[in-house]
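Chain by chain, the residues run as shown.
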2 protein chains.
Amino acid sequence: MVGRGRSVETRAPLSRDRVLRAAVKLADEGGIASVTMRRLAEELDAEAMSLYHHVANKDQVLDGVVDAVAAEINEAVSRLTLPAEGPAWKEAARRRILTARQVLLGHPWAPAVFSTRTTTSPEVLLYFDGLLGIMRAGGFSNDLAHHAMHALGSRAIGFSQELFSPTGGPTTGEPDPAMAAMAAQLPNLVGMLAEVAHDDPDSTLGWCDDQAEFEFGLDLLLDGLDRRR
Amino acid sequence: MVGRGRSVETRAPLSRDRVLRAAVKLADEGGIASVTMRRLAEELDAEAMSLYHHVANKDQVLDGVVDAVAAEINEAVSRLTLPAEGPAWKEAARRRILTARQVLLGHPWAPAVFSTRTTTSPEVLLYFDGLLGIMRAGGFSNDLAHHAMHALGSRAIGFSQELFSPTGGPTTGEPDPAMAAMAAQLPNLVGMLAEVAHDDPDSTLGWCDDQAEFEFGLDLLLDGLDRRR
DNA sequence: ACCTGAACACCGTTCAAGT
DNA sequence: ACCTGAACACCGTTCAAGT
């Protein structure tokens, strides 16, 4: 609407950055499947083929989108200022990771995209470098810090993909028929579910775990690493 | 070629089972992207549209493929006969999980597909039920066992998606130019890589971790769970 | 240089028709 | 009942052409 003084002629200058921002916006609104080159172009009032002057192909769009989300995470964690020397490393790492998770809650489609990327984004590397710095300050050897990064896996950046969600939704009165048919063959699962309320009231990160379970697993790992420090 | 006595007329009887087996075969040969309804049909000497008489849609094909791989895992772990009472639970769980991983090594595309599935496969539920049984035998409360399943996440079934693979290949003499440009901003990462050989000689499970790192993370979790038992 | 229209080689899926 | 051909509504991307 404003145009910052400059008026009209050519509507929009189009750029790699504008393309990536539009992609994040589309994904936030309708999931990652709604990010197609054609709809991306439409969002930018251009033709699909024009995008190829700013990104090599769709894969590069997804790489860029991951980098953009990771940049948002880095921006958020940069505001944290906790001591990390000695035993303080654990709380510093914990806060960093939970802050990353908080950012991802705003982009529920992002973890799935992160997982598909084969080339590591520069911003993700920056994030890991910072976490590594906390561990080094805490007294980790490079070798143990290396193991730690692998052990944390995606948890290091705030998400954990779950394939164990036996109920799939709030345990309403109506029983899942398929589940009921198998019940006899799943004695331990049925017994457990009868005892623990497996609600996941609003499983916030899509197919991911909810906050309490994420923190349980995170603390399990951080405690174990602290012991080996 | 043989046809088991019955000769000719109609070539292939086509069935849900045959469709799923063909899908696994295609994925093993060319990755999951090569599993399309059209190529699947071709593999079965049929037309793409014929498949829809045996599966509702492509999503159901992928569900079935996951179920088939999980069935293969269950078959493999069923041959294990380890005691699980008391402290023995840990070795039993460990062996079960590493056996699952061994099966997945034969289907490197499978972890990514597992992660995208929203409905849990019956065979995956059976697998989890067995693991839960081991934990119960080991003395876990239902509540702790529940947390444990979430904490293990996909590791419970033998894989862990890594987004941390800073080098991306064997550290040959030639330096990654993009990496080199960022090196100054990644002091901890560069320092660590200089010290630990981050080879991943043949990172077996695609974008996943290698065996040693998988076991380190697994033991970290199992040890932590054992302590809270 | 930046952008575009038409076209190509694919997708999953619907539908009406065959046996 | 099981299978199929043609067609529809999408994809990502190439190419030759426009300014």
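Residues numbered from 1 in each chain as written. Chains lettered and ligands numbered in written order. Predicted model: local features only at pLDDT ≥ 70, side-chain atom pairs only at ≥ 80, totals over all residues. Heavy atoms only, no water.

The name given to chain A in an unreviewed UniProt entry is TetR family transcriptional regulator, with the source organism recorded as Catellatospora bangladeshensis.

(A) Here's a closer look at the protein's contact with DNA strand C. Around DNA strand C, 17 residues are found, and the nearest of them are Ser50, His53 and His54 of chain A together with Arg38 and Tyr52 of chain B. When atoms of DNA strand C within 4 Å of the protein are split into backbone and base, the sugar-phosphate part holds 47%. Within the backbone of Met37 of chain B, a nitrogen or oxygen atom sits 3.0 Å from a phosphate oxygen of DNA strand C. Contact between DNA strand C and Arg38 of chain B: a base nitrogen at 2.4 Å from a side-chain N or O atom of the residue. Considering each element in turn, the surface near DNA strand C owes the most residues, 3 residues, to helix 2 (residues 37-43) of chain B. (Near = heavy atom within 4 Å. Polar contact = N/O pair within 3.5 Å; in protein donor to acceptor, adjacent residues only side chain to side chain. Helix = DSSP H or I, 4+ residues; strand = E, 2+ residues; numbered from the N terminus.)

(B) Representation of the interface of chain B and chain A in the model. Taken residue by residue, the interface counts 56 residues in chain B and 56 residues in chain A. For the chain B and chain A pair, buried surface summed over both sides reaches about 5,200 Å², with 64% attributable to carbon and sulfur atoms. When the buried area of chain B at its contact with chain A is split by residue, His150, Leu163 and Leu220 of chain B rank highest and sum to 15% of it. The tally of links from chain B across to chain A stands at 2 salt bridges. Between Arg228 of chain A and Asp223 of chain B there is a salt bridge whose closest N-O contact spans 3.0 Å. Put simply, chain B and chain A have 15 residue pairs in polar contact (both at pLDDT 80 or more) between them. Secondary-structure elements contributing two or more residues to the side of chain B that touches chain A are helix 5 (110-116), helix 6 (122-137), helix 7 (142-152), helix 8 (177-182), helix 9 (187-195) and helix 10 (211-228) of chain B. (Contact = heavy atoms within 4.5 Å. Buried area = accessible area lost by both parts, 1.4 Å probe. Salt bridge = Lys/Arg side-chain N within 4 Å of Asp/Glu carboxyl O.)

(C) Region of interest: the protein's contact with DNA strand D. Neighbouring DNA strand D are 17 residues, the closest being Arg38 and Tyr52 of chain A together with Ser50, His53 and His54 of chain B. A breakdown of the atoms of DNA strand D within 4 Å of the protein gives sugar and phosphate a share of 48%. One of the side-chain N or O atoms of Arg39 of chain A is found 3.4 Å from a phosphate oxygen in DNA strand D. Within the side chain of Tyr52 of chain A, one N or O atom sits 2.9 Å away from a phosphate oxygen of DNA strand D.

(D) Inspection of the side chain of Ser34 of chain B at higher detail. All names here are of chain B. Looking at where Ser34 falls in the secondary structure, it is placed in the loop between helix 1 (16-30) and helix 2. Residue classification places Ser34 among the buried residues on the basis of a relative accessible area of 8%. Among the polar contacts made by the side chain of Ser34, one reaches the main-chain carbonyl oxygen of Gly30 at a distance of 3.4 Å. Excluding its chain neighbours within four sequence positions, the residues that come into contact with Ser34 are Leu26 and Arg39. (Buried < 20%, exposed > 50% of the residue type's maximum accessible area, 1.4 Å probe, protein only.)

(E) A look at the packing of aromatic side chains. In the structure shown here, the tally under the stated rule is 6 aromatic pairs over all chains. With a centroid separation of 4.7 Å and an interplanar angle of 75 degrees, the aromatic rings of Trp89 of chain A and Phe140 of chain A are classed as edge-to-face. Here the residue Trp89 of chain A occupies a position in helix 4 (residues 89-105), and Phe140 of chain A occupies one in the loop between helix 6 (122-137) and helix 7 (142-152), the gap between them amounting to 51 residues. For Trp89 of chain A, a relative accessible area of 0% gives the class buried. Above the plane of the ring of Tyr127 of chain B lies Arg96 of chain B, whose end atom (NZ or CZ) is 4.6 Å from the centre. The positively charged end of Arg101 of chain B is found above the aromatic ring belonging to Phe214 of chain B, 4.4 Å away from the centroid. (Phe/Tyr/Trp six-rings, centres within 6.5 Å; stacked < 30°, edge-to-face > 60°. Lys NZ or Arg CZ within 6 Å of the ring centre and 35° of its normal.)

(F) Up close: the UniProt feature "DNA-binding region" (unreviewed entry) in chain A. With numbering aligned to this structure, UniProt lists the feature "DNA-binding region" (unreviewed entry) at residues 36-55 of chain A. The annotated region residues 36-55 of chain A carries 35% helix and 0% strand content, and the separation between its end C-alpha atoms amounts to 13 Å. (UniProt positions renumbered as here; feature names shortened; annotations may be inferred.)

(G) Focus on the environment of Arg117 of chain B. All names here are of chain B. Looking at where Arg117 falls in the secondary structure, it is placed in the loop between helix 5 and helix 6. Looking at Arg117, the relative accessible area reads 14%, which means it is buried. Placed 96 residues apart in sequence, Arg117 and Arg21 show a C-alpha to C-alpha distance of 18 Å. Among residues more than four places away in sequence, those in contact with Arg117 are Asp59, Leu62, Asp63 and Val66. Among the polar contacts made by the side chain of Arg117, one reaches the main-chain carbonyl oxygen of Asp59 at a distance of 3.2 Å.

(H) Main features of the UniProt feature "domain: HTH tetR-type" (unreviewed entry) in chain A. Using the residue numbers shown here, the UniProt feature "domain: HTH tetR-type" (unreviewed entry) corresponds to residues 13-73 of chain A. The distance separating the terminal C-alpha atoms of residues 13-73 of chain A is 28 Å; by composition the span is 62% helix and 0% strand.

(I) Region of the structure containing the pattern of salt bridges. As enumerated under the stated definition, the model contains 22 salt bridges over all chains in all. A salt bridge links Asp59 of chain B to Arg117 of chain B; the nearest nitrogen and oxygen atoms lie 3.7 Å apart. Of this pair, Asp59 of chain B sits in helix 3 (residues 58-77) while Arg117 of chain B sits in the loop between helix 5 and helix 6, placing them 58 residues apart in sequence. Relative accessible area serves as the criterion here: at 43%, Asp59 of chain B is assigned to the partly exposed category. One salt-bridge network, in which partners are shared between bridges, spans Lys25, Glu29 and Glu43 of chain A.

(J) Region of interest: helix 7 of chain A. When you tally the buried positions in helix 7 of chain A, you get 10 out of 11 residues, the bulk of the element. Those residues of helix 7 of chain A lying buried are Asn142, Leu144, Ala145, His146, His147, Ala148, Met149, His150, Ala151 and Leu152 of chain A. Each element contacted by the buried residues of helix 7 of chain A is listed here: helix 6 and helix 10 (211-228) of chain A together with helix 9 and helix 10 of chain B.

(K) Inspection of the confidence of the model for chain A at higher detail. All names here are of chain A. With 83% of its residues at a pLDDT of 70 or more, chain A shows a mean pLDDT of 87. Of the regions scoring below 50 in pLDDT, residues 1-9 engages in 0 contacts with residues more than four places distant in sequence or in other chains. Residue range residues 169-174 is modelled with pLDDT below 50. Its contacts to residues more than four positions away, or to other chains, number 6 contacts. (pLDDT = per-residue confidence, 0-100.)

(L) Inspection of the relation of the copies chain B and chain A at higher detail. Under the fitted operation, chain B is carried onto chain A by 0.0 Å of movement along the axis and a turn of 180 degrees, and the coordinates agree to an RMSD of 0.0 Å. Both chain copies can therefore be described as sitting about a two-fold axis. An overlap of 100% is found between the interface residues of chain B and their copies at the interface of chain A, pointing to a shared contact surface. (Least-squares fit on C-alpha atoms with pLDDT ≥ 70 in both.)

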